[in-house]
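Reading the structure
Below, each chain spelled out in residue letters.
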Amino acid sequence: MKVDVLLGLQWGDEGKGKAVDVLTPNYDVITRFQGGPNAGHSLEFNNMKHVLHTIPSGVFHQNKINIIGNGVVVDPVTFAEEFNGLLKLGIDLRKNLYLSKKTHLILPSHRALDAGKEAAKGKEKIGSTLKGIGPAYTDKTARTGLRIGDITSPKFNEKYNKAKDQHKKLLEIYPSDFNLDEYEQEWMKSIELLKEFTHIDSEHVINNYVNEGKKMLAEGAQGTLLDIDFGTYPFVTSSNTVCAGACTGMGIAPQKIGDVYGIFKAYITRVGSGPFPTELNDQTGEEIRKIGREFGATTGRPRRCGWMDLVALKYVVMLNGVTKLIMTKADVLDAFDTIKIATGYKINGEVVDYMPYDIDVDLEPLYKEFKGWKKDITKMRNADELPAELLEYIKFIEDQVGVPVSIVSVGPERDATIFR
Ligand code: GDP
Ligand code: IMO
Ligand code: MG
């Protein structure tokens, strides 16, 4: 059995949490493979909304195994908050959530450094979620990080203090008002909670599952336009959000990857700084934000909104080897007379239909216009109910990228989902 992957094709917040929750009944194991508490994955069912950050979005289904893979970075404090929230709902994750021993830890001093480094960037700030992601991955690459496997070692305190001392030197250059001592107390308490979980050699466990024929879904965080290699660098996150990240973040070989679900909104959003060719700084953008409730699930910041970008979509479909597309939030455009999609960019008078090295330039998106469907699609549950204008929009995208739109999401709730 191969491992299917579900990942975001834009700048995050495409609806991954909802989609994973909807698909989980088809799987035995759900795994996160990169990112950390910078992610905010929303799930809605039974008139309740849940936001998950580090924990895989399969946890609301019974008898499923959930794994935090080696490619993730975990902050014990945010993890404990999520755990306790779920415990109140009667879900005790200690039974069926396994942690990879190779998963790196976000230290309190990583959070302080994230704040200090962002502040030092001034106007050029990335707009980080300030969860310590960048500094934690920096230490991983610098080979000075701490991992979950270390927390049960007698040398843990020694390792922790060594890392903290190094960070303190850096904090003299990048000062921040993050309350390190207070956070450290919570952090140490939360480390004790982490010890109550099963720590696994996840690469072995995952490959054994694959060989036994267990069905597995790997859940991405962020989106491909935030990928450390292929995103809008330097306005990106610090991990590989592309499909290849599922191989390194779980320890599986490329040929073990099955379907790649690529999820995108019928428009596009971005939180934080960085170039955004199709951004709408006008009434239309405001309307999308309002109707789509486009405010960050992790930080509450308003999301920047714009029209769908086909140049970017073709690029990310190529990078990820997407086999099935999932379109979300078309319902947000229900009342619009016209829907636009960028099919190319005009840069220095030249038309470009591929993703250039730099989009942070004087760039004019070239749009194709579609007639809006002007119908409420939120109650529709069958593919044959979808309005002709929306189907035309979908067909155009399918023809352009060469991949079918297999699922259309028409609302935040679990059941507002149409399989095609
Ligand atoms: P994720 O990070 O990719 O999991 O996405 P977020 O949870 O950050 O943001 C997606 C938001 O859109 C959440 O509030 C979801 O509840 C909501 N959502 C997901 N799918 C749909 C949809 O098809 N229509 C509408 N209106 N909302 C949706
Ligand atoms: P999900 O999984 C949207 C953005 C931040 C910032 C940049 C770097 O919910 O889709 P970081 O905290 O990683 O150093 O921030 O990346 N970002 C996200 N934007 N959705 C996310 O996750 C994001 N995770 C990080 O806003 O611009
Ligand atoms: Mg999100």
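Residues numbered from 1 in each chain as written. Chains lettered and ligands numbered in written order. Predicted model: local features only at pLDDT ≥ 70, side-chain atom pairs only at ≥ 80, totals over all residues. Heavy atoms only, no water.

**Side note on the layout of surface pockets**
One number sums up the size of the largest pocket: a volume of about 810 Å³. Where the lining of the largest pocket is concerned, the elements lending two or more residues are helix H3 (108-121) and helix H4 (133-141). Its residues placed into classes, the lining of the largest pocket shows 14 nonpolar, 17 polar and nine charged. Space inside the second largest pocket adds up to approximately 560 Å³. Looking at the second largest pocket, it is lined by 28 residues, and the ones nearest its centre are Ser42, Lys49, Arg303, Lys329 and Pro412. Taken together, the elements giving at least two residues each to the lining of the second largest pocket come down to helix H1 (16-23), strand E3 (41-45) and strand E4 (48-52). Sort the elements by how many residues they give to the lining of the second largest pocket and E3 lands first, with four residues. For the lining of the second largest pocket, the class distribution of residues is seven nonpolar, ten polar and eleven charged. (1 Å grid on protein atoms, 1.4 Å probe; cavity = no way out; pocket = protein on both sides within 12 Å on 5 of 7 lines; lining within 4 Å. Points joined across faces, edges and corners; volume = space filled by probe spheres on them. Helix = DSSP H or I, 4+ residues; strand = E, 2+ residues; numbered from the N terminus. Nonpolar A, V, L, I, M, F, W, Y, C, P; charged D, E, K, R; others polar.)

**Digging into the packing of H3 against helix H6 (residues 180-194)**
At a minimum axis distance of 9 Å, the contact between H3 and H6 shows a crossing angle of 145°. Considering only the axes of H3 and H6, their crossing is right-handed. Packed against H3, whose contacting residues are Pro108, Ser109, Arg111 and Ala112, the element H6 presents Leu180, Tyr183, Glu184 and Trp187 at the interface. (Axes fitted to C-alpha atoms, helices over the stretch in contact; angles between N-to-C directions. Left-handed = near helix turned anticlockwise from the far one by under 90°. Contact = heavy atoms within 4.5 Å.)

**Things to note about the sheet that holds strand E7 (residues 97-100)**
Hydrogen bonding along the main chain pairs the strands of a sheet, whether they run parallel or antiparallel. With mixed pairing, the ten strands of this open sheet are ordered in space as E9-E7-E5-E2-E10-E1-E11-E15-E19-E20. Strand pairing shows two members of the sheet lacking a second neighbour, strand E9 (198-200) and strand E20 (417-419), which therefore form its edges. Looking at each pair of strands side by side, their axes are set apart by 25° on average, direction ignored. Pairing analysis gives four bridges linking strand E1 (residues 3-8) to strand E10 (residues 216-219), with the strands arranged parallel. Bridge pairing links Val5 to Ala218 in E10. The strands touched by helix H11 (residues 388-401) are strand E11 (257-265), strand E15 (324-328) and strand E19 (405-409); relative to E15, the strand with the most contacts, the crossing angle is about 145°. (Pairing = 2+ DSSP bridges.)

**With respect to the site of ligand 1**
The immediate surroundings of ligand 1 are formed by 21 residues, with Lys16, Gly17, Ser42, Asp331 and Ser409 found nearest. With respect to ligand 1, the side chain of Arg303 contributes an N or O atom lying 3.1 Å from an oxygen atom. Taking Ser409, its side chain carries an N or O atom lying 2.5 Å from an oxygen atom of ligand 1. Relative to its free-state accessible area of 580 Å², ligand 1 is covered by the protein chains to the extent of 94%. One can see that ligand 1 is located within the second largest pocket. Among the secondary structure elements, those contributing two or more residues to the shell around ligand 1 are H1 and E3. Per-class residue counts for the shell around ligand 1 are four nonpolar, eight polar and nine charged. (Near = heavy atom within 4 Å. Polar contact = N/O pair within 3.5 Å; in protein donor to acceptor, adjacent residues only side chain to side chain. Areas by Shrake-Rupley, 256 points an atom, 1.4 Å probe, with all protein chains shown as cover. Sits in = over half its atoms within 2 Å of the grid points.)

Any link to function would need more than the numbers given here.
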